[in-house]
Amino acid sequence: MNSITRLMLAGASVIGITALLTGCGNGSPDLYKDASQPVEKRVENLLSQMTLDEKIGQLNQRSMWDGDEALAHFTQEISDGNIGSLLNVPSAAFADSMQRVAMERTRLGIPLLISRDVIHGYKTIFPIPLGQAATFDTTIVEQGARIAAVEASSDGIRWTFAPMIDIARDPRWGRIAEGCGEDVYLTSLMSRAMVKGFQGDDLTDPTSMAACAKHFVGYGASESGRDYNSTFIPERLLRNIYLPPFEEACKAGCLTYMSSFNDNDGVPASGNKFVLTDILRGEWGFNGFVVSDWASVGEMVNHGFCADYKEAAMKGFNAGVDMEMESGTYITNMKQLLDEGKIDMAAIDRSVANILRVKFMLGLFDNPYISTPQEVKYCDEHLAAAKEAAIKSAILLKNDKDVLPLPADTKRILLTGPLAHAPHDQMGTWVFDGEKERTVTLLDALRNEYGNDVTIVYEPGLGYSRDKNEAGIARAVSAARGVDAIIAVVGEESILSGEAHCLADLNLVGAQGKLIEALSRTGKPLVTIVMAGRPLTIKKQLDESDAMLYSFHPGTMGGPALADLIFGKESPCGKTPVTFPAAVGQVPIYYSKNAGSRPAHGTETLIDDIPQEGGQTSLGNTSYWLDAGFGPLFPFGYGLSYGNFSYDNLSLDKTTYKKDDVITASVTLTNSGKHKATEVSQLYIRDHAGSVTRPVKELKGFERVTLAPGESATVTFNLPVSDLAFYGADMTKKVEAGDFTLWIGGDSDCNLSAPFSVTD
Ligand code: NOJ
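(A) The arrangement of the overall build of the protein in detail. Broken down by element type, the protein carries 22 helices and 26 strands. Computed over the C-alpha atoms, the radius of gyration of the protein is 28 Å, within 12% of the 27 Å expected from 2.2 N^0.38 for a compact globule of 760 residues. Expressed along its principal axes, the backbone C-alpha trace of the protein runs to roughly 90 × 65 × 50 Å. With 760 residues in all, the protein has 60% of them scored as buried. Of the contacts made within the protein by residues no fewer than 6 positions apart, 77% connect residues no fewer than 24 positions apart. Summing over all exposed atoms, the protein offers an accessible surface of approximately 28,300 Å²; the carbon and sulfur share of this is 49%. Once the 68 positive and 96 negative side-chain charges of the protein are each reduced to a mean point, those two points are 0 Å apart.

(B) The packing of helix α9 (residues 184-199) against helix α11 (residues 244-251), seen in detail. One way to put it is that α9 packs onto α11 with a least axis distance of 8 Å and a crossing angle of 25 degrees. Between α9 and α11, the angle is such that the two are roughly parallel. α9 and α11 meet at a crossing whose hand is right-handed. On the side of α9, the interface is formed by Val184, Thr187, Ser188, Ser191, Arg192 and Val195, while α11 contributes Pro244, Pro245, Glu248, Ala249 and Lys251. Residue classes in the contact of α9 with α11 are distributed as five nonpolar, three polar and three charged.

(C) Expanded view of the pairing of strand β12 (residues 412-416). Among the five residues in β12, four count as buried, and that is most of the element. As a crossover connection, the stretch from β12 through helix α18 (residues 442-450) into strand β13 (residues 455-458) is right-handed. Alignment of β12 against strand β14 (residues 485-491), held across four bridges, turns out to be parallel. Bridge pairing in β14 places leucine 415 opposite isoleucine 487.

(D) Molecular detail of the packing of aromatic side chains. All chains considered together, the criterion is met by 29 aromatic pairs. Ring centres of phenylalanine 216 and phenylalanine 246 lie 5.0 Å apart, and the angle between their planes is 50 degrees; this geometry places the pair in the tilted category. On the criterion of sequence distance, the pair formed by phenylalanine 216 in strand β5 (residues 212-216) and phenylalanine 246 in helix α11 is long-range, its members being 30 residues apart. With respect to class, phenylalanine 216 is no different from phenylalanine 246; both count as buried. Ring geometry for tyrosine 624 versus phenylalanine 630: centroids 5.1 Å apart, planes at 75 degrees, classification edge-to-face.

(E) Main features of the sheet that holds strand β22 (residues 712-720). The strand order across the open sheet formed by three strands is β17-β19-β22, and the pairing between neighbours is antiparallel. Pairing within the sheet leaves two strands with one partner each, and these edge strands are β17 (645-652) and β22. Ignoring strand direction, the axes of neighbouring strands in this sheet form an average angle of 25 degrees. Two elements, β17 and strand β19 (residues 662-671), share six bridges in a ladder whose sense is antiparallel. From the neighbouring strand, serine 646 faces β19, where its bridge partner is threonine 670.

(F) Layout of the site of the ligand. Around the ligand, the surrounding shell holds 13 residues, and the nearest of these are Asp117, Arg175, Lys214, His215 and Asp293. The contact in question runs from an oxygen atom of the ligand to an N or O atom on the side chain of arginine 175, over 2.7 Å. Within the side chain of aspartate 293, an N or O atom sits 2.5 Å from an oxygen atom of the ligand. Relative to its unbound accessible area of 290 Å², the ligand is 95% covered by the protein chains. Per-class residue counts for the shell around the ligand are seven nonpolar, one polar and five charged.

(G) Local environment of the state of the cysteines. One pass over the structure, following the stated rule, counts zero disulfides. The cysteine cysteine 573 is free of any disulfide, with cysteine 180 supplying the nearest cysteine sulfur at 17 Å. Under the relative-accessibility criterion, cysteine 573 is labelled buried at 6%.

(H) Representation of the packing of helix α3 (residues 39-47) against helix α16 (residues 345-361) in the model. At a minimum axis separation of 9 Å, α3 and α16 run at an interaxial angle of 130 degrees. One way to sum up the angle between α3 and α16 is to call them oblique. Considering only the axes of α3 and α16, their crossing is right-handed. On α16, the residues touching Val39, Glu40, Arg42, Val43, Leu46 and Leu47 of α3 are Asp349, Val352, Ala353, Leu356, Arg357, Phe360 and Met361. Partitioned by chemical class, the residues of the contact of α3 with α16 number nine nonpolar, no polar and four charged.

(I) Looking closely at the pairing of strand β16 (residues 547-552). Taking burial as the measure, the six residues of β16 include six buried ones, the bulk of the element. The alternating pattern of β16 places Ala547, Leu549 and Ser551 on one face and Met548, Tyr550 and Phe552 on the opposite face, and all of these are buried. Pairing analysis gives six bridges linking strand β15 (residues 526-532) to β16, with the strands arranged parallel. Paired with isoleucine 529 across the strands is leucine 549, a residue of β16. For the segment spanning β15, helix α21 (residues 539-544) and β16, crossover handedness is right-handed.

(J) Focus on the environment of isoleucine 395. Looking at the secondary structure, you find isoleucine 395 in strand β11 (residues 395-399). Separated by 153 residues in the primary sequence, isoleucine 395 and methionine 548 place their C-alpha atoms 8.4 Å from one another. For isoleucine 395, the residues in contact, after removing those within four places along its chain, are Ala134, Met548, Leu549, Tyr550, Phe552, Gly574, Lys575, Thr576, Pro577, Tyr638 and Gly639.

(K) Representation of the pattern of salt bridges in the model. Here the structure, examined in full by the defined rule, presents 44 salt bridges. Between glutamate 40 and arginine 357 there is a salt bridge, with its nearest N and O atoms 2.6 Å apart. Pair noted here: glutamate 40 is in helix α3 and arginine 357 is in helix α16, with a separation of 317 residues, a long-range link. Using a relative accessible area of 10% as the deciding quantity, one classes arginine 357 as buried. Residues aspartate 278 and lysine 273 are paired through a salt bridge, measuring 3.0 Å at the closest nitrogen-oxygen approach. Through salt bridges with shared partners, one network takes in Asp137, Glu388, Lys392 and Arg704.

(L) A look at the nonpolar core. Phe216, Tyr257 and Leu356 are the most contacted members of the largest nonpolar core, which has 126 residues in total. With nine residues, α16 is the largest single contributor of residues to this core. When neighbours within four sequence positions are excluded, phenylalanine 216 is seen to be in contact with Leu243, Phe246, Tyr257, Met258, Ser259, Ser260, Ala269, Val275, Leu276, Leu280 and Trp284. Membership of the second largest hydrophobic core comes to 43 residues, among which are Ile128, Leu130, Leu519 and Tyr550.

(M) Spotlight on unusual backbone geometry. In this structure, histidine 215 follows lysine 214 across a cis peptide bond, with omega equal to -5 degrees. Among the secondary structure elements, histidine 215 is positioned in strand β5. Located in the positive-phi region is serine 224, a residue other than glycine, with phi close to 60 degrees. Inspection of the secondary structure assignment puts serine 224 in the loop between β5 and α10 (235-242). One non-glycine residue, asparagine 621, lies in positive phi territory at about 55 degrees.

Rules used in this analysis
Position numbers for residues count from 1 along each chain, tracking the sequence in the order it is written. It should be noted that, the model being predicted, local features are given only for residues of pLDDT at least 70 and side-chain atom pairs only at 80 or more, the latter also being counted only at that level, while totals for whole chains, interfaces and linings use all residues. Note that the side-chain values use all heavy atoms of the structure and ignore hydrogens as well as water. For the purposes of this entry, the term helix denotes a DSSP run of H or I that reaches at least four residues, the term strand denotes a run of E that reaches at least two, and both are numbered from the N terminus. For this measure, only C-alpha atoms enter the radius of gyration; the expected value for a globule follows 2.2 Å times N^0.38, where N is the number of residues. Only protein chains enter the accessibility calculation, which uses a 1.4 Å probe; a residue whose area is less than 20% of its type maximum is buried, one above 50% is exposed, and one in between is partly exposed. Residue contacts are defined here by distance: any two heavy atoms, one from each residue, within 4.5 Å place the two residues in contact. With residues, only the protein chains shown are counted as cover, and all accessible areas are computed by Shrake-Rupley using a 1.4 Å probe. Counted as positive: Lys and Arg. Counted as negative: Asp and Glu. His and the chain ends are not counted at all. Taken as the charge location is NZ of Lys, CZ of Arg, CG of Asp or CD of Glu. A fitted line through C-alpha atoms represents every axis, and for helices the fit uses only the stretch in contact; the resulting angles, taken between N-to-C directions, go from 0 to 180 degrees. The cut-offs work like this: below 35 degrees is roughly parallel, past 145 is roughly antiparallel, 65 to 115 is roughly perpendicular, and the gaps in between are oblique. Working rule for handedness: look at the near helix, and if it is turned counterclockwise from the far one by less than a right angle, call the crossing left-handed; if clockwise, right-handed. Side-chain classes follow a simple rule in which Ala, Val, Leu, Ile, Met, Phe, Trp, Tyr, Cys and Pro form the nonpolar group, Asp, Glu, Lys and Arg form the charged group, and the remainder, Gly included, forms the polar group. When the strands point away from the viewer and the path from the first strand over the helix to the second turns clockwise, the crossover is right-handed. Think of it this way: DSSP has to see at least two bridges between two strands before they count as a pair. Only centres within 6.5 Å qualify two rings of Phe, Tyr or Trp (six-membered ring in Trp) as a pair; their planes then separate them into stacked at under 30 degrees, edge-to-face at over 60, and tilted for everything else. Being near a molecule or strand, for a residue, comes down to having at least one heavy atom within 4 Å of it. Polar contact is defined as a pair of N or O atoms within 3.5 Å, subject to the rule that within protein one atom must be able to donate a hydrogen and the other to accept it, and that residues adjacent in sequence are counted only when both atoms are side-chain atoms. Any two cysteine sulfur atoms within 2.5 Å of one another count as a disulfide. Any carboxyl oxygen of Asp or Glu that lies within 4 Å of a side-chain nitrogen of Lys or Arg is treated as forming a salt bridge with it. Put simply, a nonpolar core is a bunch of buried Ala, Val, Leu, Ile, Met, Phe, Trp, Tyr and Cys residues held in one set by side-chain atoms that sit within 4.5 Å of each other.

Take a look at the structure:
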């Protein structure tokens, strides 16, 4: 036996040993290169020929940087077989040349999986994911992900770290911007749409990208809204709220998962075998691979869960993290761990097979190089879809006296505020590749598209959102003289939301509050547009404004979208994907809460209404805040339009259902307004008594309905009773018989309802 064979045998698994003795396991050494062979055969064939070093190299993901030194370093590392995947590759040329090294200068020619954070667009930037969720439109969201994949793959990127489907109920947490909000059902639907969009219909198509469901799991519950913090989610809550969007991603064929940074109840996600292996693989049958979040295996030392990197590698790997992003604990420690019997060879083979499987499924062995045209970036079709998404994501929160849309005879408007012409900030968080030079701001759009008919006076008032210099406010106020209306665009710069960008105060930053206050005193119709990465506490500005549009950072085409909304070419139809708190102290606040023992009802006695020396029980002993009242500023699912929608005649096909029945519920929706508009009709249920307490309302369906002025339509929902299942006292998922209420309406505060019951 020569030394190479000996070396290979030392690291060979059972499959590998058989393979080495018989040649190549299941055929010729080149079988794995044959695209006509089934993926599993190719995986097995290739695995049987790999050395231990080559296998460990596949488990290692590294971040690249720019320049000649990086080129030399990575050329060496890849040819030595030390890297299975790269992230942050600086250009298409680098991607191509690194792939050539992997294909041509390694013994077996195993392609790299080139990855990147393509979160809400690559070049053409769509609204941030929270804004996409506000569309309640899975079609445009799927299209957005497809477009991102088409553009990114044209630079060699075949794996994105998206969708981010962390349920988040705390807007202090900066990463609420990256997800789909607070609701399980909405996030699950968005999860499916994004996975389908990124991965496309055919994984081997050169424009498909592997999706990565992240962050697995519970990261959105970071204590006190502070990033990288601990979470405390008991198993039932995990299963009922945090896991379903990830299960939906799995059902949609998501190829990869990312383990999150948080420790939940003392167990860091990257060392959590119960979640990464028992649930993901055991219960859901996942056969792709798990990547750690950046250095999150090594950071188990920071958590105090591991004494050193070697223990971290052992715990991460044995828990089910197949590929390690960046910390390098696997590549350094794995051989020793294997020698010491702390990890086993079969597990290494399984993880390598999981990674190879994804590479084969993506067709990377057969078509490793960039083969799609560069011109797709910012093409007209992509810009049009980005505009449509930005239109659909804008939420009309207030429209007193129908100030919006601005009337046709509007001659002169003042455009002001630090976000009116902020091409960088308009793109939002997690944008590595979009160029601000391609962003169309509201100022650009108003001038280009409406400037012939309307005089646009632009006076920003403040230089940027945190600007405290009030000198420009007076200029803005005096520019308001003689205008028909004021459009003020305020909010947050993109850097104030996203990873590690958390806030303890959700009020408008800088002197923006003073700007709105001063503008409101002019007596001119004031339309405030808020561009932000999270719901802000904007009650005062809401009161001071005649109309308010909320536009979570809307991306490249945010300007044209908002301009068309302002002038009524389009009607707003976005709905809040997350509850808007009235005050930061209400957080976490979300609609789908449990009732508690004494729900607030009756008179809302606020702090200034309380008589001096009032008796201890004089306020009634119910659950509310003396200084913030019963509820939020806006409930989940809220949003107006230029139409005027009302709901009547809610009816169910039966009053009692069996567990395998489908509930048919219908309602009459009428638009009595003057404009054609789209409404998102929402169906909620409540399960009144369960083996464990149940939320006061749960979204179970929604429909987008467009109606002309004066038009009515019957909106029908078909809800399988099986959708009422949940994890109850015995921790199994099932429907519990009993009494329910079903509501249909325009937001989670709707009150048109019908009772029904479910029998065994
Ligand atoms: C850390 C972030 O948490 C994650 O979302 C991202 O995908 C990785 N870094 C890679 O950039």
